[in-house]
Structure formats: structure tokens, C-alpha cells
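# Understanding the architecture of this molecule
In case you want the letters, here they are:
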Amino acid sequence: MAKFTDIIGQEQLKEHLQNAISMNKVSHAYIINGERSSGKEFIAKIFAMTLQCEKGGTEPCGECHSCKQALSGNQPDIIFVSHEKPNTIGVEDIRGQINNDIVIKPYSSPRKIYIMNEGEKMTIQAQNALLKTLEEPPEYAVILILTTNVEALLPTILSRCVVLNMKPVSDEKVKKYLMEELQIPDYKANICVAFARGNIGKAKLLASSEEFEKVKDEALSLVKNINDMEINEIVKAIKKIMEYKFDVGDYLDILSVWYRDVLLFKATKDANSLIFKDELQHIRKVADRSTYEGIETIVKALQQAKRRLEANVNFDLTMELLLLTIQEN
């Protein structure tokens, strides 16, 4: 059973929520903002479970009727807002699941809690519909909006919610968690930590993903051989990446970490601080033949490609541009 003490890092956020509970100053609406997989829903569920716990403490007891219902996903007064369309939360979703439901008193608990994941997907109309509820919420209501992009929300929504930002978790804590809780060996934990960049959920996903190993090998094989490849071979290699159920942003991160290693080795000649220590031979080769400017150009191009893909620019075009930049440098 999860408690606040199981949340790794996020000290300020935990303290804020637990203080709100102990001082009985719980707000009607919260926004939890943080990267995908960073644990927003985990925190929201613990907060909701604690608020509904019959023992009334600052941790859920896990024993009472409400806690048992929450653990099995059947607490009638903890409501998860869903949406039909994959990329948008529409006005009907908000009206149907929040506005028309919130006026009905809680079924068995002191509060009625709504948890909405992917809040950044709300259309402007949906946000305006929610605003009406946020302006005059019933006494018993608590709305938790989880989002990866707080900027996608209207200023009027933000001003009526308590905004809590997830902070990156320190590398030591992430590594300790992977090695102690998941029994991940040291060298593999280092790679996962480097990619996760303080996102504990992502570190966990990578550590347990067989695909990550395959994608990592494909990515490294591409950067090692890119100088001898024709453009059509490169395009074929990229198409292959798309067969994995793997986020292309993560794929670009693998390339970024590789080139950061190259840059680091070129500057320090020290293999100890490399992430891909086992690739030292290739890293040395690339470091010797590249200029600092060239490597930095590639690292910038990788960031640029990631931004373009997030903005839905054509995939093939973005990747071709990127790989040509890598070849030229």
C-alpha cells in the first residue's frame, strides 16, 4: 500500500499536501505539473486516499473501508475523469463527468475528489466549462488536475488552483531506488539514471524495459556507422526505430547522451565519468575526429529535432535533417 513516505523526492510537494490536511486547509483545486511518468498520479491517489481515510491522519491507514475501496479502485467518491478522444478532453467530458456530477453530494465520504490526468489536453471550451465549477465549487469538492504542460491551461484556471510543480529527483536517490528496490545492477542503473534526468517513473520504465536495451543498441549502432551510410540506409534505420513502441524523444535522448559522452571525453580524456563506459573505443574515435563546435552543433540539432517532433513537424523530414547534420559534423 502506498503512503506519502513512499514518494521519492518531492519533499516540498509532500509537505504542502500533508500540511493542508493536518491544518484542515485543503484547497478546492490543485494542479500537479510535471513530466510524463514523473509520479503525478501516484501522488494524487495517495492524497485522495488520505483525504477520504476514516482515521483522519496525514497518511492513509490502508485498513478502513474507504482505504480498502481506494486500493481496489472502487472508492465511489474518488472519481477519475476519462476522455473518449485520445488527444483532447472535450467540453462534454467536463460537463458529463465533473460539472453535472459535482452537484450530487458525496456517496459515503466527507469529500468528492476528481482526478484528471493529461489536463493539458483540455480544449479552451472544456477549460471554460471547468472554470464555472472552479469559481463556485461545493464545499466538499476537490479537483486535481495533472498536467505535463501548465502553460496549456488558461490563466483564469491557474489563478483558481494551487499549482504544485514536480521537481527532478536527485540522481543518487534514483540510483538507490533502482538498485535497492528493483535490484538493477550498478552499470545499468547508471544508464537509466542518465536518461531519466530526475524522473523516477521514467527510470523505472527504462530499467524494466527490454525494448530500451534493443533501442539503445540500434541507436548506438546508427551513430557508430552513420559516416559510412547512404541517406536511404539512414532513412531505413529510422523507419526501424518506429517499429518499437518507444517514444522517439527517448531515442533522441540516447543519441544526446552519447554525444555528451563524446564531448566530455574530448575535453577531459577521462573515461570514468562517461555514461556509455563500455563504448569507450568508439567514443574515443568520434572525439578524435570531431571538433568541439561540430559536437555542440549535433547536440543542439538533437534538441531542435525533439522540439520539432513535439510540435508535430513531419517525422521523416525532421529526422533526415537531423541525420544529415550529424553526418556533416
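Structure: see above.
Just so you know, the residues in each chain are numbered from 1, in the order the chain's sequence is written. The predicted nature of this model means local features are confined to residues of pLDDT at least 70 and side-chain atom pairs, given and counted, to a pLDDT of 80 or more, with totals for whole chains, interfaces and linings taken over all residues. The side-chain values count all of the structure's non-hydrogen atoms but skip hydrogen atoms and water molecules.

## Quick notes on the overall build of the chain
Each helix is a run of DSSP H or I of at least 4 residues and each strand a run of E of at least 2, with the numbering of both proceeding from the N terminus. Per the secondary structure count, the chain includes 15 helices and 5 strands. Seen through its C-alpha atoms, the chain measures out along the principal axes to roughly 70 × 40 × 30 Å. A buried classification covers 49% of the 329 residues belonging to the chain. Contacts: residue pairs with any heavy atoms within 4.5 Å of one another. Look at the contacts in the chain between residues 6 or more apart in sequence, and 71% of them connect residues 24 or more apart. Total accessible area on the chain stands at roughly 17000 Å², and carbon and sulfur atoms take up 50% of it. For this count, His and the chain ends are skipped, Lys and Arg are scored as positive, and Asp and Glu as negative. Working definition for charges: the position is that of NZ of Lys, CZ of Arg, CG of Asp or CD of Glu. Where the 42 positive side-chain charges of the chain centre and where its 47 negative ones centre are 2 Å apart. Burial here depends on accessible area, computed with a 1.4 Å probe over protein chains only, as a share of the maximum for the residue type. Under 20% is buried, over 50% is exposed, and the range in between is partly exposed. Using a 1.4 Å probe, accessible areas were evaluated by the Shrake-Rupley method; residue-level cover was limited to the displayed protein chains.

## Thoughts on the packing of aromatic side chains
Two aromatic rings are characterised by how far apart their centres lie and by the angle between their planes. Pairing of aromatic side chains requires ring centres within 6.5 Å, counting the rings of Phe and Tyr and the six-membered ring of Trp. Pairs whose planes differ by under 30 degrees are stacked, by over 60 edge-to-face, and all others tilted. Taken as a whole and judged by the stated rule, the model has 3 aromatic pairs. When the ring of Phe 195 is compared with that of Phe 212, the centres are 5.4 Å apart and the planes differ by 80°; the resulting orientation is edge-to-face. Residue Phe 195 is located in helix α8 (residues 186–196), and its partner Phe 212 is located in helix α10 (residues 210–225); the two are separated by 17 residues in the primary sequence. You can call Phe 212 buried: its relative accessible area is 1%. Residue class for Phe 195 comes out buried when judged on its relative accessible area of 3%. In textbook terms, an aromatic cluster arises when at least three aromatic residues are bridged by ring pairs, as seen for Phe 195, Phe 212 and Phe 276. A cation sits over an aromatic face here: Lys 266 above Tyr 292, 5.4 Å from the ring centre. Working rule: Lys NZ or Arg CZ, within 6 Å of ring centre, within 35 degrees of ring normal, means a charge sits over the ring.

## So, the sheet that holds strand β2 (residues 78–81)
In short, DSSP must find at least two bridges between two strands for them to pair. Taken together, the 5 strands give an open sheet; going across it, the order is β2-β3-β4-β1-β5, and neighbouring strands pair in parallel fashion. Each edge of the sheet is formed by a strand with only one pairing partner; in this case those strands are β2 and β5 (162–165). Averaged over all pairs of adjacent strands, the angle between their axes in this sheet comes to 20°, without regard to strand direction. Relative to β5, strand β1 (residues 29–33) runs parallel, the two being bridged by 4 bridges. The residue bridging Asn 33 from the neighbouring strand is Asn 165, located in β5. Here an angle of 0 to 180 degrees is reported between the N-to-C directions of two axes, which are lines fitted to C-alpha atoms, with helices fitted over the stretch in contact.

## Regarding the nonpolar core
Residues belong to a common nonpolar core when they are buried Ala, Val, Leu, Ile, Met, Phe, Trp, Tyr or Cys residues joined through side-chain atoms within 4.5 Å. Counting 54 residues, the largest nonpolar core has Leu 178, Tyr 251, Leu 252, Trp 258, Tyr 259, Phe 276 and Met 319 as its most contacted members. By residue number, the principal contributor to this core is helix α12 (residues 248–268), which donates 10 residues. Once residues lying within four places of it in the same chain are set aside, the contact partners of Met 319 are Ile 238, Val 248, Tyr 251, Leu 252 and Leu 309.

## Some remarks on the environment of Ser 221
Tracing the sequence through the fold places Ser 221 in helix α10. Between the alpha carbons of Ser 221 and Ala 237 there is a distance of 9.8 Å; along the sequence they are 16 residues apart.

## A closer look at empty space enclosed by the protein
We place a 1 Å grid over just the protein atoms. Points where a 1.4 Å probe fits but has no way out form a cavity, open points with protein on both sides within 12 Å along at least 5 of 7 lines form a pocket, and any residue with an atom within 4 Å of a point lines it. Grid points are joined across faces, edges and corners, and a volume is the space filled by probe spheres set on the points. As enumerated under the stated definition, the model contains 1 cavity of 30 Å³ or more in all. Along the walls of the largest cavity sit Val 235, Ile 238, Lys 239, Asp 316, Met 319 and Glu 320, which together make up its complete lining. Those elements that provide at least two residues to the lining of the largest cavity are α11 (231–241) and α15 (315–328).

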